Amino acid sequence: MSAAVAHVDLEAIGSNIRALAALAPQSKFMLAVKSNAYGHGLHEVVRTGLDSGVDSFGVLEANAGIELRESGVEVPLFAWMHGQGTDFAAAAEARVDLGVQTFWQLEAIAASGARVRPRVHLKIDTGLHRGGADRPRWAEFVTEALRLQALGKLDVVAAWSHLSDTSHSADLESTEVFIAAVEEARALGADFELLHLGASAAVIDLPQAHFDLVRVGIAAYGISPFGDRSAADLGLRPAMQLRAPVLDARHGLASIAVGYGDGIQSDPEGGAYVIVDGHIAPVVEVGVDETVVALPQGAAAVAAGGECIVFGDGSNGEATAEQWAIWGETVGDEIVTGLTRRVARSFGVS
Ligand SMILES: *Cc1c(COP(=O)(O)O)cnc(C)c1O
């Protein structure tokens, strides 16, 4: 185990969920909890989600959905990333809805022999190549799904897609493509219970993409989905704070017990800093399990055994995960999700 600890403020996640759900009041709220709830801890986040009124969870792989079902979660679960080894029968029997993006997945689900009819959500590629049936083959895809449904092999319950979030206008265009594809499918006889398209960015900025259900990930964890607006600008609270012990402090330098082996950025831009004993301490070098920082004058008395804050919600002067993303030339998702299993998670109100 690493000596660094990620403190997860579940109350912040609950408050973000409520604020985001209020932006899409007509839509069901699916909380995306892929990748261990973006690094925040799957089971704790799921409990918080249930307490905060989420309607369903998006889990990426079927196995994660089966695991949640076995842990006693009763609400709808949705998994959309499948490989040749995915056990579709087990997923259907655990009542995990399946996102389907290719013909082979459709056929494999139909042939799974599940004792419960698999519920499938058909994915259309809205032109941005984030997966799904290509627009020209969509009618054929829907027709095949309806044929399998007529044979009693599966139930077609939804049509969905995922926006690229590259720009507002691109997302709006994809929304139009989605609507046209749904109309085409209905003309072929599809009767969808649910249409879903938007994720965090659309919940905030694109009401046209809310439909029956929104799938919300990163914003619920208090990280902005936009490059030009921070979580604070959006009224969201960053839920994760990463702390690490100070190992040694001498000659104006301190070494702290966290490194790229724990998932922090290995080569942040100049200007990156942590907070040591209330003072800004610029990052000098990130190693695999230790990071060297410069101690400012006032912090010269810092003793080994003290604690440093790498990132958090900013309330102690620390940088946010969004700021680390800028220093690492990535997105905030990667900062929190990238923390490795070596880093213990601790839960509560910070
Ligand atoms: C990750 C993901 C989401 C959530 O996206 P955010 O931008 O994090 O809100 C929604 N839908 C799908 C298919 C995803 O893969």
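Our structure's up above, just so we're on the same page.
Since this is a predicted model, take the numbers as computed values, not measurements. (Residues numbered from 1 in each chain as written. Predicted model: local features only at pLDDT ≥ 70, side-chain atom pairs only at ≥ 80, totals over all residues. Heavy atoms only, no water.)

1. Some thoughts on the packing of aromatic side chains
Consideration 1: Under the defined criterion, the tally for this structure stands at nine aromatic pairs.
Consideration 2: Here Y38 and Y221 contribute two aromatic rings whose centre-to-centre distance is 4.9 Å and whose plane-to-plane angle is 25°, an arrangement assigned as stacked. A residue pair is termed long-range when its members are at least 10 positions apart, and Y38 in helix α2 (residues 34-38) and Y221 in the loop between β9 (213-216) and α10 (231-234) qualify at 183 residues. With respect to class, Y38 is no different from Y221; both count as buried.
Consideration 3: Of the aromatic side chains, those joined through ring pairs into one cluster are F78, W80 and W160.
Consideration 4: Lying across the ring of F226, R229 places its NZ or CZ 3.9 Å from the centre. (Phe/Tyr/Trp six-rings, centres within 6.5 Å; stacked < 30°, edge-to-face > 60°. Helix = DSSP H or I, 4+ residues; strand = E, 2+ residues; numbered from the N terminus. Buried < 20%, exposed > 50% of the residue type's maximum accessible area, 1.4 Å probe, protein only. Lys NZ or Arg CZ within 6 Å of the ring centre and 35° of its normal.)

2. Notes on the environment of F88
Consideration 1: As for its placement among the helices and strands, F88 is situated in helix α5 (residues 88-93).
Consideration 2: In the structure, F88 is positioned 26 residues away from A114 in sequence and 7.4 Å away in space, judged by C-alpha atoms.
Consideration 3: Ignoring any residue separated from it by four or fewer positions in sequence, one finds F88 in contact with H82, L98, W104, A108, I109 and S112. (Contact = heavy atoms within 4.5 Å.)

3. Some words on empty space enclosed by the protein
Consideration 1: Enumeration according to the criterion identifies one cavity of 30 Å³ or more in this entry.
Consideration 2: Roughly 40 Å³ of volume is contained in the largest cavity.
Consideration 3: Taken together, H40, Y221, I223, P238, A239, M240, F311, G312, A321 and V336 form the lining of the largest cavity.
Consideration 4: For the lining of the largest cavity, a count of residues per class yields eight nonpolar, two polar and no charged. (1 Å grid on protein atoms, 1.4 Å probe; cavity = no way out; pocket = protein on both sides within 12 Å on 5 of 7 lines; lining within 4 Å. Points joined across faces, edges and corners; volume = space filled by probe spheres on them. Nonpolar A, V, L, I, M, F, W, Y, C, P; charged D, E, K, R; others polar.)

4. Some thoughts on the environment of L23
Consideration 1: One can find L23 in the loop between α1 (10-21) and β2 (28-32).
Consideration 2: Looking at L23, the relative accessible area reads 44%, which means it is partly exposed.
Consideration 3: Taking the C-alpha atoms as reference, L23 lies 6.6 Å from I204; in sequence the two are 181 residues apart.
Consideration 4: Excluding residues that lie within four positions of it along the chain, L23 makes contacts with V203, I204 and H210.

5. A short note on the side chain of E144
Consideration 1: Relative to the helices and strands, E144 resides in helix α7 (residues 138-150).
Consideration 2: We classify E144 as buried; its relative accessible area is 15%.
Consideration 3: When sequence neighbours within four positions are dropped, the list of residues in contact with E144 reads F103, L106 and E107.

6. Observations concerning helix α8 (residues 168-187)
Consideration 1: In this model, α8 (20 residues) spans 29 Å end to end at C-alpha, consistent with the 28 Å of a helix rising 1.5 Å per residue.
Consideration 2: Inspection of α8 places A170, D171, S174, T175, F178, A181, V182 and A185 among the buried residues, and these make up the whole buried set. Angularly, the buried residues of α8 cover 140° about the axis, an arc narrow enough to put them on a single face. In this structure, α8 carries S169, E173, E176, E183 and A187 as exposed residues pointing more than 90 degrees from its buried face.
Consideration 3: The first or second residue beyond α8 is G189, which carries a positive phi of 110°. (Expected span 1.5 Å × (residues − 1). Arc of directions from axis to C-beta.)

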